[in-house]
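If you want the building blocks of each chain, they are given just below.
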Amino acid sequence: MDGDPTGAVVTAPTIGQGRMFIGMDTPSSSGRLGVRALDAGSGRTLRHTDSDGQVCGAPVVDAGVLYATAAGGTVFTLDPANGRGGRRTKVDEAGQGLAIADGVVRGRRASACVRR
């Protein structure tokens, strides 16, 4: 990953809109947790959006919105085109990743969900 020689641990990548998105599970060399956007072709870092905790599960892109979770259970959205933050919602058991089905964003348990 360009710009981070420490090789900080990251989530599995998510590809969308010509970009690759990864969650920072441990602080990068700059000590920042969050979601990093990279150019899907070159791997060049485009931007980093900070979060309030470790991003342990891969971000999800759906209908022009990026969804990610911080370890404390906060689900947050970003605009994948520019990294601007949007909605933040506290969801129990959401720290280990998300899935989207029928317009519902779900955390690790079926009872933990947020309607988009």
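Conventions we followed
Each chain has its residues counted from 1, running along the sequence as written. In view of the model being predicted, local features appear only for residues whose pLDDT reaches at least 70, and side-chain atom pairs are presented and counted only at 80 or more, with totals across whole chains, interfaces and linings using the full set of residues. Hydrogens and water molecules were not included; the side-chain quantities draw on all heavy atoms of the structure. Here the nonpolar core consists of buried residues drawn from Ala, Val, Leu, Ile, Met, Phe, Trp, Tyr and Cys, with membership extended through side-chain atoms lying within 4.5 Å. The classification of residues rests on relative accessible area computed with a 1.4 Å probe and restricted to protein chains. Under 20% of the type maximum is buried, over 50% is exposed, and intermediate values are partly exposed. Put simply, DSSP H or I for four residues or longer makes a helix, DSSP E for two residues or longer makes a strand, and each gets a number counted from the N terminus. Residue contacts are counted whenever heavy atoms from the two residues lie within 4.5 Å of one another. Note: two strands are recorded as paired if DSSP finds a minimum of 2 bridges between them. What counts as an axis is a line fitted to C-alpha atoms, over the stretch in contact for a helix, and the angles between N-to-C directions run from 0 to 180 degrees. With a 1 Å grid laid over protein atoms only, a set of points is called a cavity when a 1.4 Å probe fits there but cannot get out and a pocket when it is open yet has protein on both sides within 12 Å along at least five of seven lines; lining residues have an atom within 4 Å of a point. Grid points are joined across faces, edges and corners, and a volume is the space filled by probe spheres set on the points. Gly is put with the polar residues, along with every residue not named as nonpolar or charged; the nonpolar set is Ala, Val, Leu, Ile, Met, Phe, Trp, Tyr, Cys and Pro, and the charged set is Asp, Glu, Lys and Arg.

A. Quick peek at the nonpolar core. Counting nine residues, the largest nonpolar core consists of Phe21, Val35, Ala37, Val55, Leu66, Ala68, Ala70, Phe76 and Leu78. The leading source of residues in this core is strand E6 (residues 65-70), at three residues. Leu78 has contacts with Val35, Thr49, Val65, Leu66, Gly83, Arg84 and Gly85, leaving out every residue within four places of it along the chain.

B. Focus on the sheet that holds strand E2 (residues 19-24). Pairing within the open sheet is antiparallel, and its four strands lie in the order E1-E2-E3-E4. At either end of the open sheet lies a strand with only one pairing partner, and these are strand E1 (14-16) and strand E4 (45-50). Here the strands of the sheet are splayed against their neighbours by 25° on average, with no regard to which way each runs. Examined bridge by bridge, E1 and E2 share three bridges and lie antiparallel to one another. Pairing of Ile15 across the sheet is with Met20, part of E2.

C. Main features of the sheet that holds strand E7 (residues 74-78). Here four strands make up an open sheet; going across it, the order is E5-E6-E7-E8 and the pairing antiparallel. Taken across any chain shown, the strands that pair with only one partner, and hence form the sheet edges, are strand E5 (60-62) and strand E8 (85-90). Pairwise comparison of adjacent strand axes, ignoring direction, gives a mean angle of 25° for this sheet. In the sheet, E7 pairs with E8 via four bridges, with the strands oriented antiparallel. When the sheet's bridge partners are listed, Thr74 is paired in E8 with Lys90.

D. Representation of unusual backbone geometry. A positive phi angle, near 55°, is found at Gln17, a position not held by glycine. For Gln17, the position within the fold is in the loop between E1 and E2. Backbone geometry places Ala63, a non-glycine residue, at a positive phi of 50°. Among the structural elements, Ala63 can be located in the loop between E5 and E6.

E. Molecular detail of empty space enclosed by the protein. Under the definition given, this model contains one cavity of 30 Å³ or more. Counting residues per element, the ones that place at least two in the lining of the largest cavity are strand E3 (34-39) and E4. When residues in the lining of the largest cavity are grouped by element, the largest group, three residues, is from E3. Tallied by class, the residues present in the lining of the largest cavity amount to six nonpolar, two polar and three charged.

F. Region of the structure containing the environment of Pro80. With respect to the helices and strands, Pro80 occurs in the loop between E7 and E8. Residue classification places Pro80 among the buried positions, given a relative accessible area of 1%. Taking the C-alpha atoms as reference, Pro80 lies 8.5 Å from Phe21; in sequence the two are 59 residues apart. Ignoring any residue separated from it by four or fewer positions in sequence, one finds Pro80 in contact with Gln17, Arg19, Phe21, Arg47, Gly64, Val65 and Leu66.

Limitation: the analysis is restricted to geometry and does not speak to function.
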